[in-house]
Amino acid sequence: MSCILHIETATNTCSVALTQDGVCLFEQIDEQGPNHARVLAPFAEEALSFAESHAIPLDAVAVSMGPGSYTGLRIGVSTAKGICYGRGAKLVPVPTLQLLTVPLLLGTEEMPDDALLCPMIDARRMEVYCTLYDRALREVMLTRAMVVEPHTFDAWLDERPIYFIGPGSAKCRDIITHPAARWATDIRPLARHMMPLAERALARGEEADVAYFEPFYLKEFVATVSKKDVLHMPAH
């Protein structure tokens, strides 16, 4: 097994964890808003200092690759790349939507074998980033940004239960009323939950090229302009 530093910045929550041999050795979480630029570097430094003080060599840096917040993903991936360059560690990208499924899959709840998992992250306005996985995390529906309507998932829900997971699912709970819908809206992406996915990726040799890897933004960054700024724009 390997020592892995995990970095998760895809939503307003920023978290870092250090794991070895299936055990979480260190964890820091900030849930006060999008503070990634301020808190991520100190969190990562604390984790690396912990590893050094216990003479644990760092093997890899796992980073949540998106989809999610454009700025958050950019900060997380840039930090991960810098650590990999500086310490000669492997870079292991972890799909953020897969990450959301881990607490449910590892939980004690009885889940039917044919159940589908639909992790969701808020994409602002009425959209969510989402996909559908089976229990083996095989993709049943391509990852997309979509506006969820009352009958969007009925074709699947008529056949089997779907577990809607994560921070984006909360705003869909009043929209999807099918009796086969199940909800886990309180699950959020956290660095410590990356461990099984990162370890599996390392075992398969699925590391990324540190120089060329880019986050999975899914949507292009769009700069917003405040109403105040609009009022003061020059006329043409």
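Residues numbered from 1 in each chain as written. Predicted model: local features only at pLDDT ≥ 70, side-chain atom pairs only at ≥ 80, totals over all residues. Heavy atoms only, no water.

Helix and strand counts for the chain stand at six helices and 10 strands. The C-alpha atoms of the chain give 19 Å as radius of gyration, which agrees with the globular expectation for 236 residues (18 Å, within 12%). With respect to the principal axes defined by its C-alpha atoms, the chain has extents near 60 × 55 × 30 Å. Across the 236 residues in the chain, those meeting the buried criterion constitute 49%. If you sum the accessible surface of the chain, you get close to 12100 Å²; carbon and sulfur atoms cover 51% of it. The centroid of the 21 positive side-chain charges in the chain is displaced by 5 Å from the centroid of its 30 negative side-chain charges. (Helix = DSSP H or I, 4+ residues; strand = E, 2+ residues; numbered from the N terminus. Rg over C-alpha atoms; globule rule 2.2 N^0.38 Å. Buried < 20%, exposed > 50% of the residue type's maximum accessible area, 1.4 Å probe, protein only. Areas by Shrake-Rupley, 256 points an atom, 1.4 Å probe, with all protein chains shown as cover. Lys, Arg positive; Asp, Glu negative; His and termini not counted. Charge placed at Lys NZ, Arg CZ, Asp CG, Glu CD.)

Now for the sheet that holds strand S9 (residues 162–165). Reading across the sheet, the five strands line up as S8-S7-S6-S9-S10 and stay open at both edges, with mixed pairing between neighbours. In this open sheet, the two edge strands, each paired with only one partner strand, are strand S8 (139–147) and strand S10 (181–184). When the angles between neighbouring strand axes are averaged without regard to direction, this sheet yields 20°. Where helix H3 (residues 96–105) meets the sheet, it contacts strand S6 (116–122), strand S7 (127–133), S8, S9 and S10, and its direction lies at approximately 125° from that of S6. (Pairing = 2+ DSSP bridges. Axes fitted to C-alpha atoms, helices over the stretch in contact; angles between N-to-C directions. Contact = heavy atoms within 4.5 Å.)

We describe a pair of aromatic rings using the distance from one ring centre to the other and the angle between the two ring planes. In total, this model carries five aromatic pairs according to the counting rule given. Between Tyr70 and Tyr217, the ring centres sit 4.2 Å apart and the planes meet at 20°, which makes this aromatic pair stacked. Residue Tyr70 is found in helix H2 (residues 70–87), and its partner Tyr217 is found in the loop between helix H5 (195–203) and helix H6 (227–231); the two are separated by 147 residues along the sequence. By relative accessible area, Tyr217 is classed as buried at 18%. Ring geometry for Phe164 versus Trp183: centroids 4.9 Å apart, planes at 25°, classification stacked. In this pair, Phe164 is assigned in strand S9 and Trp183 in strand S10, connecting sequence segments 19 residues apart. Residue Phe164 is classed as buried on the basis of its relative accessible area, which comes to 0%. (Phe/Tyr/Trp six-rings, centres within 6.5 Å; stacked < 30°, edge-to-face > 60°.)

Ordered by their spatial adjacency, five strands build an open sheet running S3-S2-S1-S4-S5, and the pairing between neighbours is mixed. Each end of this open sheet is capped by a strand with a single partner; those strands are strand S3 (23–30) and strand S5 (90–94). Averaged over all neighbouring strand pairs, the angle between strand axes comes to 15°, with direction disregarded. Helix H1 (residues 36–53) contacts strand S1 (3–8), strand S2 (14–20) and S3 of the sheet and is inclined by roughly 15° relative to S2.

All right, on to the confidence of the model for the chain then. Here the chain averages 91 in pLDDT, and 92% of its residues register 70 or above. Taken together, the stretch residues 221–236 has pLDDT below 50 and engages in four contacts with residues farther than four places along the chain or on a different chain. (pLDDT = per-residue confidence, 0-100.)

Bringing the packing of H1 against H2 into the picture now. Put simply, H1 and H2 touch, their axes get as near as 10 Å, and they point 30° apart. Relative to H2, the element H1 lies roughly parallel. Our pair here, H1 against H2, has a crossing hand that is right-handed. Packed against H1, whose contacting residues are His36, Ala37, Leu40, Ala44, Leu48 and Glu52, the element H2 presents Gly72, Ile75, Gly76, Thr79, Ile83 and Arg87 at the interface. When the residues that make up the contact of H1 with H2 are grouped by side-chain class, the tally is six nonpolar, four polar and two charged. (Parallel < 35°, antiparallel > 145°, perpendicular 65-115°, else oblique. Left-handed = near helix turned anticlockwise from the far one by under 90°. Nonpolar A, V, L, I, M, F, W, Y, C, P; charged D, E, K, R; others polar.)

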